[in-house]
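# Results of the structural survey
In case you want the letters, here they are:
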Amino acid sequence: MSNVEDKDAEFSRRDAIKIAATGFLAALPLTTAVAKAEAVVEKTKAPPKIKKPKITYTFLNRNEAAFIEAAISRLIPADESWGGALEAGVSNYIDKQLGGSWGAGERLYRSGPWLPGTKSQGYQLPYTPAELFRTALKALEKDFSKKTPFAKMTAQQQDEFLKKLESEDRDLDGVPSKVFFSSLLQITMEGFFSDPVYGGNQNMISWRMIGFPGAYGSYYDIVDKHGIKISRAPISLAEDSMGHVHANPNIPAR
């Protein structure tokens, strides 16, 4: 694939992500009021090029983190204006979610029977989210021991590998590759667009990109105004008066 084709592919993917964000954000509690207001928000100025944040992983081991970082970089790639999933710290979000109560399946029904379900029912396997990721990543690691690791492949090779995970019926030691791919894509989108209090969306990069103002306490002054532009920098749920975002104290930390 040429450089031009690479750029075209990435722009198309990013455009799709922006469009998908509309529906995704509508599902988040914090965005409900904003979505109902149907206010037209103005994009805030893009921040300076953001580098990959320094992350201390508490759940993922070195090889698992290398795969996740490389994979999310292809699912939501950076461009010349905005950082992608890696720069937004999505791997940190994934690590903390898998190491926390969600990863442990705290609220999941896990007593079977394990029969194939519909698409709306999610995966029907005897695994917690953490077990699902660990099992699949371990199976992939065994596979990569005989060839080039995923993180060292070219971008084109990584895209082709991810497409195979998405489309083929491959068994990753009990985890269907399609289930693993859809779980990885879902949690990548969550980490990119959710409030930074949960460890992803650092510097509110995705909110700045799509013009989402975030968790303002009140829109009382403009509730009766329609078709206006809102020029506000995004604000997090956990942002203090000094502009610092405090991480959720319930997510694992080291």
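These numbers come from a predicted model, not from an experiment.

Turning to the packing of helix H3 (residues 62-75) against helix H6 (residues 155-167), a few remarks are in order. At their nearest, the axes of H3 and H6 sit 10 Å apart, and the two run at 90° to each other. One way to sum up the angle between H3 and H6 is to call them roughly perpendicular. Seen from H3, the contacting residues are Phe67, Ala70, Ala71, Arg74 and Leu75; seen from H6, they are Ala155, Gln158, Asp159, Phe161, Leu162 and Leu165. Partitioned by chemical class, the residues of the contact of H3 with H6 number 8 nonpolar, 1 polar and 2 charged.

Note on helix geometry: an α-helix contains 3.6 residues per turn, so any two residues three or four positions apart are oriented the same way. Extensive coverage of helix H4 (residues 90-98) is indicated by the burial of 9 of its 9 residues. Packing partners of the buried residues in H4 comprise H3, helix H5 (129-144) and helix H7 (177-193).

A few words on the side chain of Glu64. Take Glu64: it is sitting in helix H3. What Glu64 contacts, discounting residues up to four positions off in sequence, is Phe59, Arg134 and Leu137.

Turning our attention to unusual backbone geometry. For residues other than glycine, phi is negative in most cases, and the peptide bonds are mostly trans. Residue Pro113 is reached from Gly112 by a cis peptide bond, and omega for that bond is 0°. With respect to the secondary-structure elements, Pro113 resides in the loop between H4 and H5. Here Asn201, not a glycine, exhibits a phi torsion of approximately 45°, which is positive. Mapped onto the elements, Asn201 comes out in the loop between H7 and helix H8 (205-210). We note that Met204 has phi near 50°; this positive angle belongs to a residue other than glycine. For Met204, the position within the fold is in the loop between H7 and H8. Given a relative accessible area of 6%, Met204 falls into the buried group.

Another aspect to go through is the packing of H3 against H7. Helix-helix packing is described using two parameters, namely the angle between the two axes and the distance between the axes. Closest axis-to-axis distance for the H3/H7 pair is 11 Å, and the angle between their directions is 75°. If you check the angle between H3 and H7, you find them roughly perpendicular. Facing H3, whose interface residues are Phe67, Ile68, Ala71, Ile72 and Leu75, H7 presents Phe180, Phe181, Leu184, Leu185 and Thr188. Looking at side-chain class alone, the contact of H3 with H7 contains 9 nonpolar, 1 polar and no charged residues.

Basis of the calculations
Residues numbered from 1 in each chain as written. Predicted model: local features only at pLDDT ≥ 70, side-chain atom pairs only at ≥ 80, totals over all residues. Heavy atoms only, no water. Axes fitted to C-alpha atoms, helices over the stretch in contact; angles between N-to-C directions. Helix = DSSP H or I, 4+ residues; strand = E, 2+ residues; numbered from the N terminus. Parallel < 35°, antiparallel > 145°, perpendicular 65-115°, else oblique. Contact = heavy atoms within 4.5 Å. Nonpolar A, V, L, I, M, F, W, Y, C, P; charged D, E, K, R; others polar. Buried < 20%, exposed > 50% of the residue type's maximum accessible area, 1.4 Å probe, protein only.

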